[in-house]
Amino acid sequence: MATLAEPAVLAAAKDALYPDLDDRDDQYAVTETQFTAEAWGGWSIPDDVRERLRPFNAIRLDSGEPDLLGVGLPAGEVLDASVASAPVVAVEAKGHREHAPADVARGIEQAHSRLSEVNLGYVAAPAESVTETARSLARELNVGVVGVESEAAATVLEPPRVTGAGEFSTGVEAVRFRARTHRLTDGSFPVNHPKNYLGYPLALAADADTEAVYEDRVIRLVGDGRRGAILLGLVEGRGVDRLTHLGREVVRFARAECGSVESALAEFDAWTGKSTRFTELAPRWAQLARSVAMGYEPTRLVVEALERLHADGVRPATLPDLAATACEINRPLAVEVFFTEGGRDAVLERDGTLRAEALDDPGVYKSGIHFQYKAQLYHVGLVTDRGTDDKAAALADPWALEHPVGPR
């Protein structure tokens, strides 16, 4: 009976609802930080269960903390599935307790309380604990039911209906952000010079094969450039690549600045291999790139955190300073932006607070934050230093705004 404790139930439900999570670019799910515990009610949580529950994050809704929060249509029957293309899903898990069955009714009530803030709510429990009375209550309250037969097997017993949530909370938006971007970043920002993402919409607009033009005039890493352009909202990448409104603005700028897309690409080609800061090499293009960068949610978070640090007299800041301050501003988003999935176990306490000492471990950080992404911010004139790919050196590498708004 102990093997169907709450963590095992949640892991089985996650696998049933999101069986292809690692291979999908339209789904993402996080587990509440209480499940970072090594034991649950006297039961030692096996490493494989903890691995299936990763990644962890602290998501706080007005109604409480869901055991699992996902984005993307889950597997199994879902009623009115067409209402939301990327529904937000909350799951409550109830496991066997010592000398007592799982409290399924309580889980249904908790899942129902989330429905004003998410699109779908589920309760997951050992199948033998799911009575007909519980299933009737779940149907009445529009809560899905996942019956867990073993640590590795679960079935959706009652399908929920998609509801229209109001405005999503900060925590939910952080998970929605990762659902849009986690397959694009693969743990790191894809390119380290702004010309490489500006160049992709130009190659797409050129009168020739996009990949061939990009390889010839920008960089050979077409996939990385494309991912950067999608990530920053210049290209819509689902199906056939199409320019967004922002991507079309880049093309219009190129024609106004250089006369034609082809002339602009020739200029991009001439920049290849140059290490000169983009603000000096091509100031007007750098200003455009800066505007694009500021449209990216992590950029706004980093800039706000550096403004706070500057106002507090932390000049320059270090990566641990920046990460801690970003977590004060928007912890769910900061966790997604700064820390690797494996590193979160060390960084987050069970209640979701930060372990300050863990921030001094370079291994908990995504390399992109202090290398490719920081290089982007340097080239567009937002931060003073280029960044480093040396993990150990990254901890002391300075972070400061080039032009802080606050007093000098």
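Numbering of residues begins from 1 in every chain and follows the order in which that chain's sequence is written. For this predicted model, a pLDDT threshold of at least 70 governs which residues receive local features, and a threshold of 80 or more governs which side-chain atom pairs are given and counted, while totals over whole chains, interfaces and linings are taken from all residues. As a rule here, side-chain values come from all non-hydrogen atoms in the structure, and water together with hydrogens is ignored.

Draft legend 1. Spatial organisation of the overall build of the protein. We count a stretch as a helix when DSSP gives it H or I for four or more residues in a row; a strand needs E for two or more, and each element gets its number in order from the N terminus. Counting its regular elements, the protein contains 18 helices and 11 strands. Computation of the radius of gyration draws on C-alpha atoms, with the globule rule given as 2.2 Å multiplied by the number of residues to the power 0.38. What you see for the protein is a C-alpha radius of gyration of 23 Å, in line with the 22 Å of a compact globule of 408 residues. In terms of its C-alpha atoms, the protein occupies a principal-axis envelope of roughly 75 × 50 × 35 Å. Looking at the protein as a whole, 54% of its 408 residues qualify as buried. All tallies of charge rest on Lys and Arg as positive and Asp and Glu as negative; His and the ends of each chain are not included. For the purpose of locating charges, the reference atoms are NZ of Lys, CZ of Arg, CG of Asp and CD of Glu. Taken together, the 43 basic and 64 acidic charged side chains of the protein have centroids lying 5 Å from each other. Burial classes follow relative accessibility: with a 1.4 Å probe on protein chains only, a residue under 20% of its type's maximum area counts as buried, one over 50% as exposed, and anything between as partly exposed.

Draft legend 2. Just helix α13 (residues 297-311), in detail. Multiplying one less than the number of residues by 1.5 Å gives the expected span of a helix. Compared with the 21 Å implied by 1.5 Å per residue over 15 residues, the 22 Å span of α13 between its first and last C-alpha is a close match. Along α13, the residues classified as buried are Pro-298, Thr-299, Leu-301, Val-302, Val-303, Ala-305, Leu-306, Glu-307, Leu-309 and His-310. Count one or two residues on from α13 and you reach Gly-313, which has phi positive near 85°.

Draft legend 3. The environment of Lys-14, seen in detail. By secondary structure assignment, the location of Lys-14 is in helix α1 (residues 6-17). Sequence separation of Lys-14 and Val-30 is 16 residues, and the distance between their C-alpha atoms is 9.7 Å. Here, residues are in contact when the closest pair of their heavy atoms is within 4.5 Å. Setting aside residues up to four positions removed in sequence, Lys-14 forms contacts with Pro-19, Leu-21, Ala-29, Arg-52, Leu-53, Arg-54, Pro-55 and Leu-68.

Draft legend 4. Structural view of the nonpolar core. Definition of nonpolar core: a set of buried residues of the types Ala, Val, Leu, Ile, Met, Phe, Trp, Tyr and Cys, connected through side-chain atoms within 4.5 Å. Judged by nonpolar contacts, the single largest core of 75 residues is most densely connected at Tyr-197, Leu-198, Leu-202, Trp-285, Phe-338, Phe-339 and Tyr-365. When residues of this core are assigned to their parent elements, the largest contribution, 10 residues, is made by helix α14 (residues 319-338). Grouped together as the second largest cluster of nonpolar side chains are 31 residues, Ala-8, Trp-40, Trp-43 and Val-78 included.

Draft legend 5. Summary view of α14. If you check α14, its first and last C-alpha atoms are just 9 Å apart, much less than what 20 residues at 1.5 Å a residue would give, namely 28 Å. Two axes enter the definition of the bend at a residue: one is fitted to the seven residues ending there, the other to the seven starting there, and the bend is the angle between them. Largest kink in α14: about 135°, centred on Asn-330, with the proline Pro-332 one to four residues after it. Burial analysis of α14 places 15 of its 20 residues in the buried class, which makes it a mostly covered element.

Draft legend 6. Inspection of the sheet that holds strand β8 (residues 144-150) at higher detail. Spatially, the seven strands line up as an open sheet ordered β4-β1-β5-β6-β7-β8-β9, and their pairing is mixed. The open sheet is flanked by β4 (56-57) and β9 (153-158), the only strands paired with a single partner. Two strands make a pair as long as DSSP finds a minimum of two bridges between them. Two strands pair when backbone bridges link them, and strand β6 (residues 88-93) and strand β7 (residues 120-126) are joined in this way by five bridges, in the parallel orientation. Paired with Val-91 across the two strands is Tyr-122, which belongs to β7.

Draft legend 7. Representation of the packing of aromatic side chains within the structure. Planes of paired rings set the category: under 30 degrees apart is stacked, over 60 is edge-to-face and the rest tilted, where pairs are Phe, Tyr or Trp rings (Trp by its six-membered ring) whose centres lie within 6.5 Å. Inspection of the entire model under this criterion finds 13 aromatic pairs. With a centroid separation of 5.9 Å and an interplanar angle of 55°, the aromatic rings of Phe-177 and Tyr-296 are classed as tilted. Residue Phe-177 is found in helix α5 (residues 170-185), and its partner Tyr-296 is found in the loop between α12 (283-294) and α13; the two are separated by 119 residues along the sequence. The same class applies to Phe-177 and to Tyr-296, which are both buried. Taken together, Phe-253, Phe-268, Trp-271, Phe-278 and Trp-285 form an aromatic cluster joined through their ring pairs. We count a charge as sitting over a ring when the NZ of a lysine or the CZ of an arginine lies within 6 Å of the ring centre and within 35 degrees of the ring normal. Over the aromatic face of Tyr-378 sits the side chain of Arg-277, whose NZ or CZ is 4.2 Å from the ring centroid. The cationic tip of Lys-374 hangs over the ring face of Trp-399; the distance from NZ or CZ to the ring centre is 4.4 Å.

Draft legend 8. Highlighting the packing of α13 against α14. The convention used is that axes are lines fitted to C-alpha atoms, helices contributing only their stretch in contact, and that angles between N-to-C directions extend from 0 to 180 degrees. Running from amino to carboxyl end, α13 crosses α14 at an angle of 165°, the nearest separation of the two axes being 8 Å. Of the possible angle classes, the one that applies to α13 and α14 is roughly antiparallel. Two packed elements cross with a definite hand, and for α13 against α14 that hand is right-handed. The segment α13 lies against α14, with Glu-297, Pro-298, Leu-301, Val-302, Glu-304, Ala-305, Leu-306, Arg-308 and Leu-309 engaging Asp-321, Leu-322, Thr-325, Ala-326, Ile-329, Asn-330, Leu-333, Ala-334, Val-337 and Phe-338. Residue polarity follows a fixed list, in which Ala, Val, Leu, Ile, Met, Phe, Trp, Tyr, Cys and Pro are nonpolar, Asp, Glu, Lys and Arg are charged, and the others, Gly among them, are polar. In terms of residue class, the contact of α13 with α14 is made up of 13 nonpolar, two polar and four charged. For this classification, under 35 degrees means roughly parallel, over 145 means roughly antiparallel, 65 to 115 means roughly perpendicular, and everything else is oblique. Crossings are classed by handedness, with left-handed meaning an anticlockwise turn of the near helix from the far one by less than a right angle and right-handed meaning a clockwise turn.

Draft legend 9. Seen up close, the pattern of salt bridges. One side-chain nitrogen of Lys or Arg within 4 Å of one carboxyl oxygen of Asp or Glu is enough to make a salt bridge. Inspection of every chain in the model, using the stated rule, returns 27 salt bridges. The salt bridge involving Glu-173 is made with Arg-176; its shortest N-O contact spans 3.2 Å. On the criterion of helical spacing, the pair formed by Glu-173 and Arg-176 is a turn pair, its members being three residues apart in helix α5. When its relative accessible area of 23% is taken as the criterion, Arg-176 is described as partly exposed. Residues Arg-217 and Asp-216 are paired through a salt bridge, measuring 3.2 Å at the closest nitrogen-oxygen approach.

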